[in-house]
Amino acid sequence: MTTTAITNIGSLVTNDPALGDGTPLGLIHNAAVVIENDTIAWVGPADKAPPADEAFDAQGRALIPGFVDSHSHLVFAGDRTAEFNARMSGHSYSAGGIRTTVAATRAASDAELEANLLRHLHEARRQGTTTFETKSGYGLTVQDEARALRIASAHTEEVTYLGAHIVSPDYADDPAGYVNLVTGEMLTACAPYARWVDVFCEKGAFDGEQARAILTAGAAAGLIPRVHANQLSHGPGVQLAVELEAASADHCTHLTDADVDALAQAAGTTVATLLPGAEFSTRAQWPDARRLLDAGVTVALSTDCNPGSSYTSSMPFCIALAVRDMGMTPDEALWSATAGGARALRRADIGIVAPGARADLALLDAPSHVHLAYRPGVPLVSAVWQKGRKTA
């Protein structure tokens, strides 16, 4: 049994109001954290820290919970630079670009897919991400969806079956047949590797009734629903997510007052996960985080890292976007990128720095977490602990 004390922390974000200053971030100044194996053993003022086997001097810098990236698409192959270039030259984004990645992913070997996944995971970890969810959705055959989830499940507990990303090109003239496949043979092959089931409920993908059939079939197989909802237009996704008690409604860009009210009433069950990287990369309308927060909605921030519409693995970048363009304060954005992401994954052991929590931490080369938005684009994460082990 080994203990490590991180001492001389200038500003510690615990996300536990009772541990700190009573705010949602639970700030403690001049703090220390003691790690025992993979768990937080003690948190408090530095001058009261118990002895430990090893010590790490934070040199007055800020320590925060590791980021929880609760929405990503990392099992893929290929490149969509040409699509991005065209979009930045004035063309609009539609879901059709996914087919390009589907073709490349089907052609890739297992080793190539896993190597690409690991490259993005290492990239994200260097920027402070210690928990990530990732989805299938770029195979759209029984074999390719199952192998994507098998590869992902070797590297994270948070794996999502997204056979319903778009209607497979193989079923372009038979969308009902594809829904039957997604809710039948494909689900049977994929469920053993997944915790979650997701659907892209959007024009050009799946309508409300198709989405309902897919999510209810997934739930019957033991998977917990989450929904790509209201990204490109107003639609039934948010209301469906709330009705089915999904863990999250993701994107939430185009919302009616009724959608906001539904999310507020379901704040303890369904999290609104906002993905500003997608709006940045597609020049689309920004989600109105301020509207959601003021209504009492639980909000998470995530990267939506994928090769087409949000090719970033940087949670600090998403925090900066949320503060600059979505009406969030720096405190709200950090909470949403840590504790909010944990809520979206229905986890109580991450996104928080408190005794008994998993020892996932990021040390900033800055005196305050506000620098994440104050200094956008600067590599501020100087050290990372994941399950108590210093990894970066």
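Quick caveat: nothing in here was measured; it's all calculated off a predicted structure.

K.L.:
So, the pairing of strand β10 (residues 224-229): which residues are in play, and what are the values?
P.N.:
The buried fraction of β10 is high, at five of six residues. As defined by bridge partners, strand β9 (residues 196-201) adjoins β10 across six bridges and the pair is classed as parallel. In the strand pairing of β10, D198 is matched with R226. In this fold, β9 hands off to helix α7 (residues 208-220), which returns the chain to β10; that crossover is right-handed. Summarising the sheet, β10 and strand β11 (residues 248-251) pair through three bridges and their orientation is parallel. Looking at the pairing, H228 lines up with D250 of β11. Tracing the backbone out of β10, into helix α8 (residues 237-243) and back to the parallel element β11 gives a crossover that is right-handed.

K.L.:
Go over the sheet that holds β9, please, and point to the residues and values.
P.N.:
Reading across from one edge, β6-β7-β8-β9-β10-β11-β12-β13 is the order of the eight strands in this open sheet, with parallel pairing throughout. At either margin of the open sheet sits one strand with a lone partner, and together these are β6 (67-69) and β13 (299-301). Taking each pair of neighbouring strands and ignoring which way they run, the sheet shows an average axis angle of 25°. Relative to strand β8 (residues 158-164), strand β7 (residues 129-135) runs parallel, the two being bridged by three bridges. When the bridges of β8 are listed, E133 appears paired with E158. Strands β6, β9, β10, β11, β12 (271-274) and β13 of the sheet are contacted by helix α13 (residues 330-344), whose axis makes an angle of about 105° with β13.

K.L.:
Which residues make up the nonpolar core, and what values go with them?
P.N.:
Among the nonpolar cores identified, the biggest contains 86 residues, and Y161, F206, L263, L292 and L301 are the most heavily contacted of them. Considering every element that reaches this core, the biggest residue donor is helix α4 (residues 142-153), with six residues. With residues up to four places along the chain from it excluded, the contact list for F206 reads A164, H165, I166, V167, Y178, V179, V199, F200, C201 and I214. Judged by nonpolar contacts, the second largest core, of 20 residues, contains I28, L361, L363 and W385.

K.L.:
So what about the packing of aromatic side chains? Which residues, and what values?
P.N.:
The full count for this structure, using the stated rule, is six aromatic pairs. Arranged with centres 5.5 Å apart and planes meeting at 50°, the rings of Y171 and Y178 form a pair that is tilted. Overall, Y171 belongs to the partly exposed group, its relative accessible area being 26%. Overall, the relative accessible area of 0% leaves Y178 in the buried class. Each ring, one from F280 and one from F317, has its centre 5.1 Å from the other, and the planes form 90°; the classification is edge-to-face. Here F280 is found in helix α10 (residues 276-282), whereas its partner F317 is found in helix α12 (residues 315-325), with 37 residues between them in sequence. Judged by relative accessible area, which is 43%, F280 ranks as partly exposed. Following the ring pairs from residue to residue traces out a cluster consisting of F76, Y138 and Y311.

K.L.:
Provide a residue-level description of the side chain of E145, including the pertinent values.
P.N.:
You can see E145 is positioned in helix α4. The buried charged residue E145 lacks any salt bridge, with R106 as its nearest oppositely charged partner at 7.6 Å. There is a polar contact of 3.1 Å between the side chain of E145 and the backbone nitrogen of G137. Setting aside residues no more than four positions away along its own chain, E145 makes contact with S136, G137, Y138, G139, L140, Y161, L162, G163, M186 and C190.

K.L.:
Describe in detail the side chain of T270, supporting the description with residues and values.
P.N.:
By the element assignment, T270 lies in the loop between α9 (257-265) and β12. The class for T270 is buried, based on a relative accessible area of 0%. In this structure the side chain of T270 is engaged in a polar contact, spanning 2.7 Å, whose partner is the backbone oxygen of A246.

Here is what the cut-offs are and how they apply
- Numbering of residues starts from 1 in each chain and follows the order in which that chain's sequence is written.
- Given that this is a predicted model, residues contribute local features only at a pLDDT of at least 70 and side-chain atom pairs are listed and counted only at 80 or more, while totals for whole chains, interfaces and linings are drawn from all residues.
- For the side-chain quantities, the full set of heavy atoms in the structure was used; hydrogens and water were omitted.
- Exposed residues in this analysis have more than 50% of their type's maximum accessible area, buried residues have under 20%, and partly exposed residues fall in between, with area computed by a 1.4 Å probe over protein chains only.
- In this description a helix means any DSSP run of H or I spanning at least four residues, a strand means any run of E spanning at least two, and both kinds are numbered starting from the N terminus.
- Paired strands, in this sense, are two strands between which DSSP finds at least two bridges.
- Consider the strands pointing away from the viewer: the crossover is right-handed when the path from the first strand over the helix to the second runs clockwise.
- Helix axes are fitted only over the stretch in contact, all axes being lines through C-alpha atoms; the angle between N-to-C directions runs from 0 to 180 degrees.
- Should any heavy atoms of two residues lie within 4.5 Å, those residues are counted as being in contact.
- Joining through side-chain atoms within 4.5 Å is the link that ties buried Ala, Val, Leu, Ile, Met, Phe, Trp, Tyr and Cys residues into a set, and such a set is a nonpolar core.
- For this analysis, a ring pair means two rings from Phe, Tyr or Trp (six-membered ring only for Trp) whose centres lie within 6.5 Å, classed as stacked if their planes differ by under 30 degrees, edge-to-face if by over 60, and tilted for the remaining angles.
- We treat Lys and Arg as the positive residues and Asp and Glu as the negative residues; His and chain ends play no part in the count.
- Think of a salt bridge as a Lys or Arg side-chain nitrogen and an Asp or Glu carboxyl oxygen that are within 4 Å of each other.
- Throughout this description, a polar contact denotes any pair of N or O atoms lying within 3.5 Å of each other; where both atoms belong to protein, one of them has to be capable of donating a hydrogen while the other can accept it, and for residues adjacent in sequence the pair is counted only when both atoms sit in side chains.

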